[in-house]
Amino acid sequence: MTEQNKMRKKMANTIRFLAADMVQKANSGHPGAPMGLADIAVVLSEKLSHNPKNPNGSTVTVWSFLVGMVLLLSIRFYIFGAMI
C-alpha cells in the first residue's frame, strides 16, 4: 500500500469516526451513508479546493442527498477544521 493510500485510509476512518460520534452525541440519525461512502468522499475531496482568504475562488460542490448530511459535515470538519 502506498503512502498516499495509507493517508486516504486514515482520512476515511477519521470521517467514519466523526460521523459515528455526531450521531451518538445527537442521539439521532443513522451513520450508514458516512460509513459506506467515506472512501469515496476522501477521493472526491481531493478534487475540492478551498481558500479561506478568497472564498469566491473556491470550488463549490453541492451534494443534494439529505441522507448523507452527516457525511458532508464530517468531511467539512475534517478538511476545514471547524463546523460552520
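Structure report, in brief. Bear in mind the structure is a predicted one, so any value in this text is a computation, not a measurement. (Residues numbered from 1 in each chain as written. Predicted model: local features only at pLDDT ≥ 70, side-chain atom pairs only at ≥ 80, totals over all residues. Heavy atoms only, no water.)

This brings us to the overall build of the chain. In terms of regular secondary structure, the chain is built from 3 helices and 0 strands. Along the chain, helices and strands appear, N-terminal first, in the series α-α-α. Per-residue burial over the chain gives 23% buried out of 84 residues. Total accessible area computed for the chain in this model is approximately 6,000 Å², and 60% of it derives from carbon and sulfur atoms. (Helix = DSSP H or I, 4+ residues; strand = E, 2+ residues; numbered from the N terminus. Buried < 20%, exposed > 50% of the residue type's maximum accessible area, 1.4 Å probe, protein only. Areas by Shrake-Rupley, 256 points an atom, 1.4 Å probe, with all protein chains shown as cover.)

Quick look at the side chain of Arg 16 now. Topologically, Arg 16 is positioned in helix α1 (residues 3-26). The class of Arg 16 is buried, set by a relative accessible area of 16%. A distance of 2.8 Å separates the side chain of Arg 16 from the side chain of Asp 39, its partner in a polar contact. Setting aside anything within four residues of it in sequence, one finds Arg 16 in contact with Pro 34, Met 35, Ala 38 and Asp 39. (Polar contact = N/O pair within 3.5 Å; in protein donor to acceptor, adjacent residues only side chain to side chain. Contact = heavy atoms within 4.5 Å.)

Before going further, it helps to spend a moment on the pattern of salt bridges. On inspection of all chains with the given rule, the structure shows 2 salt bridges. Taking the shortest distance from any N to any O, the salt bridge between Lys 6 and Glu 3 comes out at 3.6 Å. Taken together, the positions of Lys 6 and Glu 3, both in helix α1 and 3 residues apart, correspond to about one turn of that helix. Under the relative-accessibility criterion, Glu 3 is labelled exposed at 60%. Where Asp 39 meets Arg 16, a salt bridge forms, and the shortest distance between an N and an O atom there is 2.8 Å. In this pair, Asp 39 is assigned in helix α2 (residues 32-45) and Arg 16 in helix α1, connecting sequence segments 23 residues apart. Residue classification places Asp 39 among the partly exposed positions, given a relative accessible area of 32%. (Salt bridge = Lys/Arg side-chain N within 4 Å of Asp/Glu carboxyl O.)

This next bit is on the packing of α1 against α2. Contact pair α1 / α2: the axes reach a minimum separation of 8 Å and the direction vectors enclose 135°. In terms of orientation, α1 lies oblique with respect to α2. The hand of the α1/α2 crossing is right-handed. Between α1 and α2, the contacting residues are Arg 8, Lys 9, Met 11, Ala 12, Ile 15, Arg 16, Ala 19 and Ala 20 on the first element and Pro 34, Met 35, Ala 38, Asp 39, Val 42 and Ser 45 on the second. Here the residues of the contact of α1 with α2 are counted per class, giving 9 nonpolar, 1 polar and 4 charged. (Axes fitted to C-alpha atoms, helices over the stretch in contact; angles between N-to-C directions. Parallel < 35°, antiparallel > 145°, perpendicular 65-115°, else oblique. Left-handed = near helix turned anticlockwise from the far one by under 90°. Nonpolar A, V, L, I, M, F, W, Y, C, P; charged D, E, K, R; others polar.)

Moving on, we get to α2. For α2, spanning 14 residues, the distance from its first C-alpha to its last is 19 Å, which sits close to the expected 20 Å at 1.5 Å a residue. Largest kink in α2: about 60°, centred on Ala 38. Residues of α2 that are buried include every one of Ala 33, Pro 34, Ala 38, Ala 41, Val 42 and Ser 45, and no others. (Expected span 1.5 Å × (residues − 1). Bend = angle between axes of the 7 residues up to and from the residue.)

Such coordinate-based values are descriptive only and should not be taken to indicate function.
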